[in-house]
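Inside the fold
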Amino acid sequence: AALLPRPARGLTDGLYCGRRVCYEVLGVSRQASKAEIARAYRQLARQYHPDRNRGPPAGPGGAQAAHEKFLLIATAYETLKDEETRKDYDYMLDHPEEYYRHYYHYYSRRLAPKVDVRIVILVTVCAISVFQFFSWWSSYNEAINYLATVPKYRIQATEIARQQGLLNKTKEKGKNRRSKEEIREEEEEIIKDIIKNKIDIKGGYQKPKIYDILLFQILLAPFYLCKYIVWYCWWIYCFTIKGQEYGVEEKLYIIRRYMKMSQSQFDSLEDHQKETFLERQLWIRENYEVYKLEQEEELKKKMAMDPRWKRYRRWMKNEGPGRLTFIDD
């Protein structure tokens, strides 16, 4: 401990070997190699190991003292066997006055996560992606089950199944004859399969794709970025520099941007709605502003005619907004 000035000794309690110098604990010099440090540790560990010191717990040579000595030896070895930790410890011996730096380096290493952060992030992203994928599959199956109950789609699917002879196969006779419940379940599955193949579901209930999950979106982010840059340069060149007229896809893209919709939201709209947008030339800003005002006025009329909205306005007029006060006793 002579290496540490007296004012610094009290501030090193709880750091590394406390008031003892780790080199002195192991009986090696500061220039000792890793092999010398490991050899000194093994010798002292065998000497002070609790299994070899089972005497009376009290007294200077008792089991308790040997146990404390063994813990100090282990702490000294843990400090000096790692190059980075040893480097910090040597710096503390040479600069005992930098108290806060020593505390920071010591506890930052002690409290640092033992697992690589990159692995934690990867596992988290994979878990989110798996949950996301199965959640989408659940929503998709719910949509199919619902469509199978809608008479319009069920009748069409049943007619297609009859034309393809799929329903006749379910009513086999002889040894292969099955119960009515089994036949009904198989027919239900056939109808659902036809709906899956014939109906194009868009929006939040569309069939999930593996490339839409978070993991693939992160992996493909550089590709999407490059693709967007190329597309943006093409847009500037064609419609700003050359002054070409917009095509149908470009017009719909501008309209979608005005409406602040995502691609999936816009795809979920009916085709006749998109045709109306094109007929009214909503890619022109002035036309879109007029359309927006019309939609707002129409919404106000609907709300005015809605009985629930009328009751709410009547309540607000008579009762006013909610208020919370303390009641005086």
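All values reported here derive from a predicted model rather than from experimental measurement.

**Quick look at the overall build of the protein**
In terms of helices and strands, the protein carries 17 helices and 0 strands. A fraction of 57% describes how many contacts in the protein between residues 6 or more apart in sequence connect residues 24 or more apart. Accessible area of the protein: about 24600 Å², with a carbon and sulfur share of 56%.

**A few points about the state of the cysteines**
Under the criterion given, the structure shown has 1 disulfide. Each disulfide pairs two cysteine sulfurs, and for C17 the partner residue is C22, the sulfurs being separated by 2.2 Å. Given an S-S torsion of about 115 degrees, the disulfide between C17 and C22 has right-handed geometry. Each member of the pair, C17 as well as C22, carries the same accessibility label: buried.

**Notes on the pattern of salt bridges**
Think of it this way: side chains of opposite charge can pair up when their charged atoms draw near. Inspection of the entire model under this criterion finds 9 salt bridges. In this structure, K34 engages E83 in a salt bridge whose closest nitrogen and oxygen atoms are separated by 4.0 Å. Taken as a pair, K34 in helix α3 (residues 34–48) and E83 in helix α5 (residues 83–94) lie far apart in primary sequence, 49 residues in all. Classification of E83 by relative accessible area gives partly exposed; the value is 46%. R280 is the partner of E294 in a salt bridge, and the nearest nitrogen-oxygen pair spans 2.8 Å.

**Looking at the nonpolar core**
L26 and Y89 are the most contacted members of the largest nonpolar core, which totals 27 residues. Broken down by secondary-structure element, the contributors of at least two residues to this core are α2 (22–26), α3, α4 (63–81) and α5. For this core, the element with the most residues is α4, which contributes 7 residues. If sequence neighbours within four positions are ignored, Y89 has contacts with Y16, R20, V21, C22, Y23, T79 and L80. In this structure, L269, F277, L282 and Y291 belong to the second largest nonpolar core, which totals 14 residues.

**What to know about unusual backbone geometry**
For K260, which is not a glycine, the phi torsion comes out positive at approximately 55 degrees. Backbone geometry at Q281 places phi at a positive 55 degrees, although glycine is not the residue there. Mapped onto the elements, Q281 comes out in the loop between α15 (271–279) and α16 (285–305). Taking the relative accessible area as the measure of exposure, Q281 reaches 37% and is therefore partly exposed.

**Digging into the UniProt feature "transmembrane region" (unreviewed entry) in the protein**
The positions UniProt marks with the feature "transmembrane region" (unreviewed entry) are residues 119–137 and 214–237. Note that residues 214–237 is 96% helix and 0% strand, and that its end C-alpha atoms are spaced 33 Å apart.

**Overview of the side chain of S129**
Looking at the element boundaries, S129 is found in helix α7 (residues 117–147). Look past the residues within four positions of S129 in its chain and what remains in contact with it is I213, L214 and L215.

**Some thoughts on the packing of aromatic side chains**
Per the counting criterion, the structure on display carries 20 aromatic pairs. Between W234 and F239 the ring centres are 5.5 Å apart and the planes differ by 85 degrees, which places this aromatic pair in the edge-to-face class. Judged by relative accessible area, which is 12%, F239 ranks as buried. These aromatic residues form a ring-pair network of at least three members: Y228, W231, Y232, W234, W235, F239, Y246 and Y253.

**Considerations on a negative patch on the surface**
Together, E182, E185, E189 and D193 line one region of the surface with negative charge. Examined against the element boundaries, E185 turns out to sit in helix α10 (residues 180–198). The class for E185 is partly exposed, based on a relative accessible area of 49%.

Criteria and thresholds
- Residues numbered from 1 in each chain as written.
- Predicted model: local features only at pLDDT ≥ 70, side-chain atom pairs only at ≥ 80, totals over all residues.
- Heavy atoms only, no water.
- Helix = DSSP H or I, 4+ residues; strand = E, 2+ residues; numbered from the N terminus.
- Contact = heavy atoms within 4.5 Å.
- Areas by Shrake-Rupley, 256 points an atom, 1.4 Å probe, with all protein chains shown as cover.
- Disulfide = S-S within 2.5 Å.
- Buried < 20%, exposed > 50% of the residue type's maximum accessible area, 1.4 Å probe, protein only.
- Salt bridge = Lys/Arg side-chain N within 4 Å of Asp/Glu carboxyl O.
- Core = buried A, V, L, I, M, F, W, Y, C linked by side-chain atoms within 4.5 Å.
- UniProt positions renumbered as here; feature names shortened; annotations may be inferred.
- Phe/Tyr/Trp six-rings, centres within 6.5 Å; stacked < 30°, edge-to-face > 60°.
- Patch = residues over 30% accessible without salt bridge, like charges linked within 9 Å, V, L, I, M, F, W, Y side chains within 5 Å.
- Lys, Arg positive; Asp, Glu negative; His and termini not counted.
- Charge placed at Lys NZ, Arg CZ, Asp CG, Glu CD.

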